[in-house]
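One letter stands for each residue in the lines below.
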Amino acid sequence: MWERIDEQMSKFTGAKKGETFKKYAEGIALGRTQTPEDVANLVSFLASEGASYITGQNILTDGGMIFN
């Protein structure tokens, strides 16, 4: 996904390939980009008994890229 976003953003900003990705990745509080396993871990938790009392929530798995 990031490769495509980086490619499209470079058309608008004139940035070189990889620069947009690097700019946004540097702003992530946990210091790394998201992996499919990060999302899978959340899904696994929400499907577990441990999440049985959670309803109607939006949960960001962005490593702290966006703080609410």
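Residues numbered from 1 in each chain as written. Predicted model: local features only at pLDDT ≥ 70, side-chain atom pairs only at ≥ 80, totals over all residues. Heavy atoms only, no water.

Caption draft 1: The arrangement of a nonpolar patch on the surface in detail. Together, M1, I5, M9, Y24, L60, M65 and I66 make up an exposed nonpolar region whose accessible area comes to about 650 Å². Here I66 lies in the segment after helix 3 (36-46). (Patch = residues over 30% accessible without salt bridge, like charges linked within 9 Å, V, L, I, M, F, W, Y side chains within 5 Å. Areas by Shrake-Rupley, 256 points an atom, 1.4 Å probe, with all protein chains shown as cover. Salt bridge = Lys/Arg side-chain N within 4 Å of Asp/Glu carboxyl O. Helix = DSSP H or I, 4+ residues; strand = E, 2+ residues; numbered from the N terminus.)

Caption draft 2: Just the pattern of salt bridges, in detail. For the structure on display, the rule yields one salt bridge. One salt bridge connects R32 with D38, and the closest N-O pair in it is separated by 2.9 Å.

Caption draft 3: The confidence of the model for the protein, seen in detail. Looking at the protein as a whole, the pLDDT averages 90, with 99% of positions reaching at least 70. Element-level pLDDT for the protein is lowest in helix 1 (residues 2-13), with a mean of 86, against a maximum mean of 97 in helix 3. (pLDDT = per-residue confidence, 0-100.)

Caption draft 4: Spatial organisation of the side chain of T20. The topology assignment puts T20 in helix 2 (residues 19-26). We classify T20 as buried; its relative accessible area is 6%. Among all residues touching T20, those that are not within four sequence positions of it are D6, M9, T13 and A15. (Buried < 20%, exposed > 50% of the residue type's maximum accessible area, 1.4 Å probe, protein only. Contact = heavy atoms within 4.5 Å.)

Caption draft 5: Spatial organisation of the packing of helix 1 against helix 2. Orientation of helix 1 relative to helix 2, taken along the N-to-C sense of each, is 110°, at an axis distance of 7 Å. Judged on the interaxial angle alone, helix 2 and helix 1 are roughly perpendicular. When helix 1 is examined against helix 2, the residues W2, D6, M9 and T13 are found in contact with a partner set consisting of E19, T20, F21 and Y24. (Axes fitted to C-alpha atoms, helices over the stretch in contact; angles between N-to-C directions. Parallel < 35°, antiparallel > 145°, perpendicular 65-115°, else oblique.)

Caption draft 6: A look at the environment of S48. One can find S48 in the segment after helix 3. Classification of S48 by relative accessible area gives partly exposed; the value is 30%. Among the polar contacts made by the side chain of S48, one reaches the main-chain carbonyl oxygen of F45 at a distance of 2.6 Å. (Polar contact = N/O pair within 3.5 Å; in protein donor to acceptor, adjacent residues only side chain to side chain.)

Caption draft 7: Broad picture of the environment of L42. With respect to the helices and strands, L42 occurs in helix 3. With 18 residues separating them along the chain, L42 and L60 place their C-alpha atoms 9.6 Å apart. Residues in contact with L42, not counting those within four places in the same chain, are I59 and T61.

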